[in-house]
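The chain contents come next:
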Amino acid sequence: MDYSQILKDLDEATLFDLYRLVSALQDEMESVERIKKVRSGLRVGQTITWFDRDTRELVESEILKLNKTRCLVRNFGDGVKWNITYASINTDDVAVEINMNQKYGVKKSELRVGDSVTYISRDNLQVFGTVVKLNPKTAGIKTVDGENWRVSYGFLKKIIEIEGEIIQKKIEGC
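Residues numbered from 1 in each chain as written. Predicted model: local features only at pLDDT ≥ 70, side-chain atom pairs only at ≥ 80, totals over all residues. Heavy atoms only, no water.

A few points about the nonpolar core
What tends to happen in soluble globular proteins is that the nonpolar side chains get buried as a cluster. Core analysis: the biggest nonpolar cluster contains twelve residues, these being Val 106, Leu 111, Val 117, Tyr 119, Val 127, Val 131, Leu 134, Ala 139, Ile 141, Val 151, Tyr 153 and Leu 156. Looking at this core, the elements that each hand over two or more residues are strand S5 (116-120), strand S6 (126-134) and strand S7 (138-143). Top element by residues in this core is S6. It accounts for three residues. Core analysis: the next-biggest nonpolar cluster, separate from the first, contains eleven residues, Ile 48, Val 59, Cys 71 and Val 73 among them. (Core = buried A, V, L, I, M, F, W, Y, C linked by side-chain atoms within 4.5 Å. Buried < 20%, exposed > 50% of the residue type's maximum accessible area, 1.4 Å probe, protein only. Helix = DSSP H or I, 4+ residues; strand = E, 2+ residues; numbered from the N terminus.)

Some words on the pairing of S5
Among the five residues that make up S5, four are buried, leaving the element largely enclosed by the rest of the structure. Two strands pair when backbone bridges link them, and S5 and S6 are joined in this way by five bridges, in the antiparallel orientation. Bridge pairing in S6 places Thr 118 opposite Phe 128. Here S5 pairs with strand S9 (residues 157-158) via two bridges, running antiparallel. Bridge assignment links Thr 118 to a residue of S9, and that residue is Lys 157. (Pairing = 2+ DSSP bridges.)

Description of the sheet that holds S5
The five strands are arranged S8-S7-S6-S5-S9 in an open sheet whose pairing can be described as antiparallel. In the strand order of this sheet, the two ends are held by strand S8 (148-152) and S9, each with one partner. Sheet topology note: the S7/S8 ladder contains five bridges and is antiparallel. For Lys 142, the partnering residue across the bridge sits in S8 and is Asn 148.

Digging into the pairing of S6
Connecting S5 to the antiparallel partner S6 that follows it, the hairpin turn spans five residues, and Asn 124 within it adopts a positive phi of roughly 65°. Pairing analysis gives five bridges linking S6 to S7, with the strands arranged antiparallel. Along S7, the bridge assignment pairs Thr 130 with Lys 142. Hairpin geometry of S6 and S7 is characterised by an intervening segment of three residues between the two adjacent antiparallel strands.

Describing the sheet that holds strand S2 (residues 57-66)
On the basis of which strands lie adjacent, the open sheet formed by four strands has the order S1-S2-S3-S4 and antiparallel pairing. Only two strands of the sheet have a single partner each, and these edge strands are strand S1 (47-52) and strand S4 (81-85). On average, adjacent strands in this sheet sit at an angle of 50° to one another, irrespective of strand direction. Both S2 and strand S3 (residues 70-75) contribute to a ladder of five bridges, which runs antiparallel. When the sheet's bridge partners are listed, Ile 63 is paired in S3 with Val 73. (Axes fitted to C-alpha atoms, helices over the stretch in contact; angles between N-to-C directions.)

In structure tokens:
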């Protein structure tokens, strides 16, 4: 499924259209048939990945308990237990990155905490940094100079991996 195209199409939707769509999607995510289908392929002790809406990335975890509508898991990274929906489990190993191919300006859904970004400051200087927080209208950015800024998504540009390595070297003082 091309999420980038869906998000572009949703740019033209009204807020009411989006609300109706969320309602319909919620009904589908709570569908007993869909939940049973996902649940039947899972077992206690199994390693899975699930999508964390806050960080916008996949989390690797172990299934501890299969409940009727939710699943109890333990995150491998920090050992924290989460009670997640079956809809958040990535049963088909789907990539979560969304590429909108825009020069400047990204959507919140395209970013994850830890992504390298750049933007043009009020002084017309290019600033490099890392996303530390995703707010409703702005992203919290820690610049390579160690400063923290809140920047509107419309001013941000994701940095491709090779540039990220170059920036990392600048941060480390190489």
